[in-house]
Amino acid sequence: MTHFTFLCLDDFPVAALSMAIDPLRAANEISSEQRLSWNVVSEDGQPVVASSQMSINPDKPLPDIGATDVVIVFAGASAHFKDRRATAGSLRRLLSHGAKLGAVSGALFALAEEQFFDGYECSAHFCYTAALQEKYDRLILNDTLFTVDRNRLTFAGTSAVFEFMLGVIAEEISEPVAVETACWFQYAGLRDADALQILPTYQKNHTRDGLPASIRTAIELFADNIETKIKIEDVSRKVGMSLRQLERNFKKETGVSPGTYYRKLRLDAARQKLLYTDKTLQEVALSVGYDSTSSFSLNYRREFGQSPTQERKNLSRGSRQAALAVRTPIASNLVFFDQQRAS
């Protein structure tokens, strides 16, 4: 039997928690066995409020967990441990007894703060990557949906959690039960462990994985040159197009010009750093290729409707989650429970 402990911190995503529990419940029912078990806990046993403002009553406090196979933490990106010493100590105790430790999306911030993922490869949701890179340089971030590195698990999104659980079901019970569990939820299109996150263009009806190779390459070049700006002419040359061809094809596929797309990409990265790091306004501006804070603030206001100073001051923890949600698509991945990735 495999036992899971689901630790919920402030602003945790309800959908992700449900996608962790429901496939385990369904698999037990399908197989007529109780091979998979779980507890939902909080740091102190008190109710926890989700990002949707729903409140859950945990089964028990984390320190009361005697033994478990896997601890997965669900939290918003702005959440912190209430009692850093006690909670970190409980997690280290469970790790020392052979448990695996996982982080879903924004929970990676709280765990990285306590150095639980230093030197580990991690899947980070694209709406948090820039901030995580800025704050925690010992994390090894990738853009896959899901990563297992030794006894650490990271999930870039809700569907990645679901597919991980399908892998657990296949390993612990059987692949036919895993397939039937997926069918119960009308879930299809399972992918392997190296699948990349699905990323949006700035048109709502497109995702980047569906773009032509030349346009995807251009986008990758933009993403790799956030701090040090790259000229659009250089991008067109690298993808084998004239500047005019790139402009025309890029706008046809994404709905915006390459220059507009690049600016939005840099401002999105700036917004992550503004909301989830303590960098000064000048440091944030420089980190996304702006030489002056005035130019940065002007473009930021045009893009997001308020200045960076106003946004940092006014946004509450809950609205920080909502502010980034508009550019957060659903992603999915499948990996078997015992699959290990090289360190």
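### Focus: the packing of aromatic side chains
- By the definition in use, this model includes 17 aromatic pairs.
- Relative to Tyr276, the ring of Tyr128 lies with its centre 5.6 Å away and its plane at 85 degrees, an arrangement referred to as edge-to-face. Of the two residues, Tyr128 is situated in the loop between strand 8 (121-123) and helix 4 (129-135) and Tyr276 in helix 10 (residues 258-276); the sequence distance between them amounts to 148 residues. Residue Tyr128 shares its accessibility class with Tyr276, and that shared class is buried.
- Where Phe222 meets Tyr262, the ring centres are 4.7 Å apart and the plane angle is 20 degrees; that geometry is what we call stacked. Residue Phe222 is located in helix 7 (residues 213-223), and its partner Tyr262 is located in helix 10; the two are separated by 40 residues in the primary sequence. Per residue, the accessibility class of Phe222 equals that of Tyr262, and both read buried.
- Linked through ring pairs, Phe109, Tyr128, Tyr136 and Tyr276 together constitute an aromatic cluster.
- The ring of Tyr290 carries the charged tip of Arg266 above its face, separated from the ring centre by 4.5 Å.

### Digging into the sheet that holds strand 2 (residues 36-42)
- Reading across the sheet, the seven strands line up as 5-2-1-6-7-11-10 and stay open at both edges, with mixed pairing between neighbours. In the strand order of this sheet, the two ends are held by strand 5 (60-61) and strand 10 (146-149), each with one partner.
- Contacting strand 1 (2-8), strand 6 (70-74), strand 7 (100-104) and strand 11 (152-155), helix 2 (residues 84-96) crosses the sheet at an angle of about 130 degrees to strand 7.
- In the packing of helix 5 (residues 158-172) onto the sheet, contacts are made with strand 1, strand 2, strand 6, strand 7, strand 10 and strand 11, and the angle to strand 1 comes to roughly 165 degrees.

### Looking at the packing of helix 10 against helix 12 (residues 293-304)
- The interhelical angle for the contact between helix 10 and helix 12, taken along N-to-C directions, is 95 degrees, at an axis separation of 11 Å. In terms of their interaxial angle, helix 10 and helix 12 are classed as roughly perpendicular. Contact residues: Arg263, Lys264, Leu267, Asp268, Ala270, Arg271 and Leu274 in helix 10; Phe296, Asn299, Tyr300, Glu303 and Phe304 in helix 12.

### Concerning the pattern of salt bridges
- All chains considered together, the criterion is met by twelve salt bridges.
- Salt-bridge contacts for Asp44 lead to Lys82; the nearest nitrogen and oxygen are separated by 3.5 Å. One end of the pair, Asp44, is in the loop between strand 2 and strand 3 (48-49); the other, Lys82, is in the loop between strand 6 and helix 2, and 38 residues separate them in sequence.
- Between Asp149 and Arg150 there is a salt bridge; the shortest N-O distance is 2.9 Å.

### Some remarks on helix 10
- End to end, helix 10 covers 27 Å across 19 residues, agreeing with the expected 27 Å (1.5 Å per residue, within 8%).
- Taken across its 19 residues, helix 10 has 16 buried, putting it largely inside the fold.

### As for the confidence of the model for the chain
- Averaged over all residues, the pLDDT of the chain is 84; the fraction at 70 or higher stands at 85%.
- Across the chain, the element-wise mean pLDDT spans from 47 in helix 14 (residues 317-325) up to 97 in strand 6.
- Long-range and interchain partners of residues 321-343, a stretch whose pLDDT sits below 50, account for 90 contacts in this model, where long-range means more than four residues apart.

### Some words on the side chain of Ser123
- Within the secondary structure, Ser123 sits in strand 8.
- Accessibility expressed as a relative area gives 2% for Ser123, which makes it buried.
- In this structure the side chain of Ser123 is engaged in a polar contact, spanning 3.1 Å, whose partner is the backbone nitrogen of Phe146.
- Beyond its immediate stretch of four places on either side in the chain, Ser123 contacts Leu108, Asn142, Thr144, Leu145, Phe146, Thr147, Thr154, Phe155 and Ala156.

### Considerations on the pairing of strand 7
- When you tally the buried positions in strand 7, you get five out of five residues, the bulk of the element.
- The side-chain alternation of strand 7 yields two buried faces, one formed by Lys100, Gly102 and Val104 and the other by Leu101 and Ala103.
- Bridge count between strand 6 and strand 7: five bridges; the pairing is parallel. The residue bridging Val71 from the neighbouring strand is Leu101, located in strand 7.
- Following the chain from strand 6 across helix 2 to the adjacent parallel strand 7, one finds a crossover that is right-handed.
- Of the pairings in the sheet, the one linking strand 7 to strand 11 comprises four bridges and is parallel in character. The residue bridging Val104 from the neighbouring strand is Phe155, located in strand 11.

Parameters and conventions
Residues numbered from 1 in each chain as written. Predicted model: local features only at pLDDT ≥ 70, side-chain atom pairs only at ≥ 80, totals over all residues. Heavy atoms only, no water. Phe/Tyr/Trp six-rings, centres within 6.5 Å; stacked < 30°, edge-to-face > 60°. Helix = DSSP H or I, 4+ residues; strand = E, 2+ residues; numbered from the N terminus. Buried < 20%, exposed > 50% of the residue type's maximum accessible area, 1.4 Å probe, protein only. Lys NZ or Arg CZ within 6 Å of the ring centre and 35° of its normal. Pairing = 2+ DSSP bridges. Contact = heavy atoms within 4.5 Å. Axes fitted to C-alpha atoms, helices over the stretch in contact; angles between N-to-C directions. Parallel < 35°, antiparallel > 145°, perpendicular 65-115°, else oblique. Salt bridge = Lys/Arg side-chain N within 4 Å of Asp/Glu carboxyl O. Expected span 1.5 Å × (residues − 1). pLDDT = per-residue confidence, 0-100. Polar contact = N/O pair within 3.5 Å; in protein donor to acceptor, adjacent residues only side chain to side chain. Right-handed = clockwise from strand over helix to strand, strands pointing away.

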